[in-house]
Amino acid sequence: MKRTSFLLLSACALILAVANATAAVAPNVVRATIAGIDVLIYRTGVRDVVTLKGNLPAGDAHAAGGNIAVATLCGHLLDQGTTKHSKFEIAEQLDRVGATISFGVGPQALEIEAKHAKYYGPAHGTLVLVGDVDAGVIQTQVASAFAGWTGGADYLHPARSTGTDAPREQTVFMADKTSVSVTLGQASGLRYGDPGYVALRVASSILGSDFTSRLVATVRDTEGLTYGIGARLADDDFTDGDWKVTATFAPNLLNQGVASTMKQLKGWYDQGVTADELAKRKTNLSGHYKVALATTDGMATTLLACVNRGVGPGWIDQYPAKLDALTLEEVNGAIRQHLNPDHMFLIKAGTVPGGVDLSILGNIYQSGGVSGVTKTGAGTLTLGYVQLSNTVTIAGGTLAADFSQLVPPAKMDALNLTA
Amino acid sequence: MKPKPLFLLVLLASVAGLRAADAPVTDGFHFVKTVGAISEYTLDANGLQVLLLPDHSAPVITFMVTYRVGSRNEVTGTTGATHLLEHLMFKGSVHFNKEQGNKVDQVLDPIGATNNATTWVDRTNYYETFGSEHLPVIVELEADRMRGLLLRESDRRPEMTVVRNEFERGENSPFQALMKEIMSAAYVAHPYHHSTIGWRSDIEKVSIEKLREFYDTFYWPDNATVTVVGDFQPAAALDLIRKYYAPIPRAPKPIPTLYTEEPEQTGPRHVVVKRAGRLGVVGIGHKIPAATHPDAPAVTVLSLILTDGKNSRLYQALTDQSLSTGVSGFPFPTHDPSLHFTFIPLAPGATHEQVEKIAVEQIERLKRDGVTAAEVQAAVAKYLADSAFQRDGTYAIADNLNTDIAVGDWTLFYRLDDAIKQVTPADVQRVAQKYFNVDQSTTGWFVPIAAAQPAAPAKK
């Protein structure tokens, strides 16, 4: 789950340091609750560079029936002025030290004015600072800067997700696109840190991460069907997440690309991964982890993720050992336990051959982020998750269907065109 | 032209920074200079340039090879060849290939090395970031593919469609399509005219023989720079580089130099891209000098004042007036005379004419009235902070050095920061008057159109 996050960068000139060999990270993280905020500080060997990252539970999942755009709007207004400073004064202050600031908002929200006070407070807020920092000085500054700030809400704690029971297919037609984007996936039912999570992450990496993974080695490297393809677990920091394969294909290679992807997915699911693949993937992921932690940005991102995921900074030091301890049975068992290729969703977006541009219909109500239509045969259209307001004209013919009701994807109706 | 006095001072300061005494004495190398924390060497055997930047703050190294060949070295029929060749560099070399079970990714993936390659107008680079204990195999692998590439037709065929999908992904973006059109109109003679990915027909049809010819012309040690950044001992790294690179001979023929110069532009140019989409974009390209030119720092400050942040001129005149959803601008750091881009995505209801007119008026006002000291100070502070963050970790440092190597002077890595600090309001006004002229500009509009009516369903 995404969240309202902010990123503040501040620096002067870079002077490279000669210090700080590898050591356990967690014991050197200075963590304290200051002015109600969970503050984590980690000093690295770099000089004069600090990366600051943090988040508050105020994304659009908090909308609770309200307008889901409000959280995003509220996030964008964060540097647009305060009761003390205009937006230009804020920009000027940041400019003076050469700092840049950015805000992002995900599904956790509020009505702009009324809800700002409720959600923008220290409670459940996290602040991570990594780089050339003096923990004592930072703690004092945070205490002074945020003194008297109150309020804030807890993260939402939604129920565990339920799985899907049938495959579905959606086409989102977009005109004038030379490459089709494809997503194939399902709800994973897993949060980061759940039993089986690391095992499925490793298995997914064997299927679709880096050039030696099965999807990249076959669909791209041997068959030349795509520039980019991969498989991964995602969106599982705060809630149950999802598992997906993403890829791009030229419209004329789309069917071949999807078929080849399905073949790899089925083989991986049915036969599992090999002991050799597992052994190599363990060292692959350990190596990537080491590289990722070697920048202030990478370390701050990882520390914040550890807090968001509820696993704590200790996870950073425990992760390599957890990887190493995985058995072949655990990894292959996790694939079978959490995934089912027969129940996955297949989404295609782009100038899909045979697809029809729905945007000409007008008044389309999009829900759940997907809408689309595919031609299934002469004179027949299959509509997806769309709502049409009126009788519409399409391709010179009349579509005289009553679509005043939302059409759920589970009940895709075939419509007859009077062309 | 005559360099500015201030720029000369900076140059002298850098020269004073040479610390030959600190350089390791290593057989087979000629020590060139040390600037900042970076030392330059030349491999006696073949002229390979080597840059070393030891930094032990984390146990990782980035190893990078930059070849001084990019899409500027291509002609009609071979556009995109540099990039396609870059892809084929992963398909196998004499001692590292799939048949032996040690193809590039079969070596790099199990050690978790982050690796990739990029092609741009002036250069092609290959890089790996990895735990510092793995340096030997990385040097061996990179040296092997410098001259030992297999380059088989059976590799080109599937890779051509991979690259074509990369082209197609780029074409999906109206913004990228607009940028290509502006470059094509702004450059008539110089090969910056065509984009690095190349024309679709050339990607599809260039032969393996042509690619081999390209490889045999440009992939030589005396046309390359090896850069090592991170947790290593200089003497040991130089030993490894000598061991694997010294056996490679110099290029048998001189590396061809590009002599085509873009003729002076004597009037405004205008291009329009019409495709399905929602919001329009206005893009303006102004002719500016190469990245090594003494005016480049002032152009960078000018760019920031015009387009960066809420206090920038165009943000206040357009975005804050609800006429655009934002503004962005950047000078292209290139080896040859370049372009400064300004992009303005239109807010709903705003017209291209209106937004272009206001942007031009703001530029003319700046040229007439100049900028304030406060604006210059803020731009310099932002540049220096960004510069520091562009160096967060070994890869980021190597990536920045890569650009400096490509434009022809790696010491820009340090000198540019120093030069930016010396820019004055008068410098900014002078370069605006000199380069940001309508008659030397190329303006592009992305005009969204309603999607074409789809064909009636086929009757079977």
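Residues numbered from 1 in each chain as written. Chains lettered and ligands numbered in written order. Predicted model: local features only at pLDDT ≥ 70, side-chain atom pairs only at ≥ 80, totals over all residues.

Regarding the overall build of chain A
Part 1: The number of helices and strands found in chain A is 11 helices and 16 strands.
Part 2: Counting across all 419 residues of chain A, residues that qualify as buried make up 42%. (Helix = DSSP H or I, 4+ residues; strand = E, 2+ residues; numbered from the N terminus. Buried ≥ 20, exposed ≤ 12 C-beta atoms within 10 Å, placed from the backbone.)

With respect to the pairing of strand β11 (residues 345-350) of chain A
All names here are of chain A.
Part 1: Pairing geometry for strand β7 (residues 168-173) and β11, over six bridges, is parallel. Note on β11: the bridge partner recorded for threonine 171 is lysine 348.
Part 2: Looking at chain direction, strand β8 (residues 180-187) and β11 are connected through five bridges and run antiparallel. Residue glycine 185 lies in a different strand from β11, and its bridge partner there is phenylalanine 345. (Pairing = 2+ DSSP bridges.)

Focus on the packing of helix α8 (residues 275-292) of chain A against helix α10 (residues 314-325) of chain A
Residues and elements named next belong to chain A.
Part 1: One way to put it is that α8 packs onto α10 with a least axis distance of 9 Å and a crossing angle of 170°. Relative to α10, the element α8 lies roughly antiparallel. Seen from α8, the contacting residues are Lys282, Leu285, Ser286 and Tyr289; seen from α10, they are Tyr319, Pro320, Leu323 and Asp324.
Part 2: Partitioned by chemical class, the residues of the contact of α8 with α10 number five nonpolar, one polar and two charged. (Axes fitted to C-alpha atoms, helices over the stretch in contact; angles between N-to-C directions. Parallel < 35°, antiparallel > 145°, perpendicular 65-115°, else oblique. Contact = placed C-beta atoms within 7 Å. Nonpolar A, V, L, I, M, F, W, Y, C, P; charged D, E, K, R; others polar.)

Description of the confidence of the model for chain A
Residue and element names in this part refer to chain A.
Part 1: Counting all residues, the mean pLDDT for chain A is 75, and 64% of those residues have values of 70 or more.
Part 2: Below pLDDT 50 for its whole length, residues 108-112 participates in 34 contacts with residues either more than four positions away or in separate chains.
Part 3: Confidence drops under pLDDT 50 across residues 359-419; counting only partners more than four residues distant or on other chains, this segment forms 119 contacts. (pLDDT = per-residue confidence, 0-100.)

Observations regarding the environment of tyrosine 259 of chain B
Residue and element names in this part refer to chain B.
Part 1: Structurally, tyrosine 259 is set in the loop between α9 (234-245) and β8 (269-276).
Part 2: On the basis of neighbour count, tyrosine 259 is assigned to the exposed category, with 5 C-beta atoms found within 10 Å.
Part 3: With 74 residues separating them along the chain, tyrosine 259 and proline 333 place their C-alpha atoms 19 Å apart.

Quick look at the sheet that holds strand β10 (residues 328-331) of chain B
Residue and element names in this part refer to chain B.
Part 1: The five strands lie next to each other as β8-β12-β9-β11-β10, forming an open sheet whose pairing is mixed. Both outer strands of the open sheet, β8 and β10, are each paired with one neighbouring strand and no more. With strand direction ignored, the average angle separating the axes of adjacent strands in the sheet is 15°.
Part 2: Pairing of strand β9 (residues 281-288) with strand β12 (residues 441-449) involves six bridges; the strand directions are antiparallel. The residue bridging histidine 286 from the neighbouring strand is serine 441, located in β12.
Part 3: Against the sheet, helix α12 (residues 352-369) engages β9, β11 (338-345) and β12, with an angle of about 35° to β9.

Some remarks on the nonpolar core
Part 1: Counting residues in hydrophobic clusters, the biggest one holds 154 residues, and the most contacted among them are Leu303 of chain A together with Leu84, Leu211, Val301, Leu302, Ile344 and Val428 of chain B.
Part 2: When near neighbours in sequence (up to four residues on either side) are disregarded, leucine 84 of chain B contacts Met160, Val163, Ile203, Val206 and Leu211 of chain B.
Part 3: Counting residues in hydrophobic clusters, the runner-up holds 44 residues, among them Ile206, Leu225, Leu233 and Trp243 of chain A. (Core = buried A, V, L, I, M, F, W, Y, C linked by C-beta atoms within 7 Å.)

Here's the deal with the sheet that holds β7 of chain A
Residues and elements named next belong to chain A.
Part 1: On the basis of which strands lie adjacent, the open sheet formed by five strands has the order β7-β11-β8-β10-β9 and mixed pairing. The sheet is open, and its two borders are formed by β7 and β9 (229-234), each paired with just one other strand. Averaged over all neighbouring strand pairs, the angle between strand axes comes to 15°, with direction disregarded.
Part 2: Sitting on the sheet, helix α7 (residues 254-271) is in contact with β8, β9, β10 (242-249) and β11, with an inclination near 145° to β10.

A look at the pairing of strand β5 (residues 114-119) of chain B
Residue and element names in this part refer to chain B.
Part 1: Pairing of β5 with strand β6 (residues 124-131) involves six bridges; the strand directions are antiparallel. Across the sheet, threonine 118 pairs through a bridge with asparagine 125, a residue of β6.
Part 2: Connecting β5 to the next strand, β6, in antiparallel fashion are four residues.

Re helix α2 (residues 81-88) of chain B
Residue and element names in this part refer to chain B.
Part 1: Counting buried residues in α2 gives seven out of eight residues, a clear majority hidden from the surface.
Part 2: Those residues of α2 that fall on the buried side of the exposure criterion are Ala81, Thr82, His83, Leu84, Leu85, Glu86 and Leu88.
Part 3: The inward-facing, buried residues of α2 contact β5, β6, α5 (153-171), α7 (200-205) and α8 (208-218).

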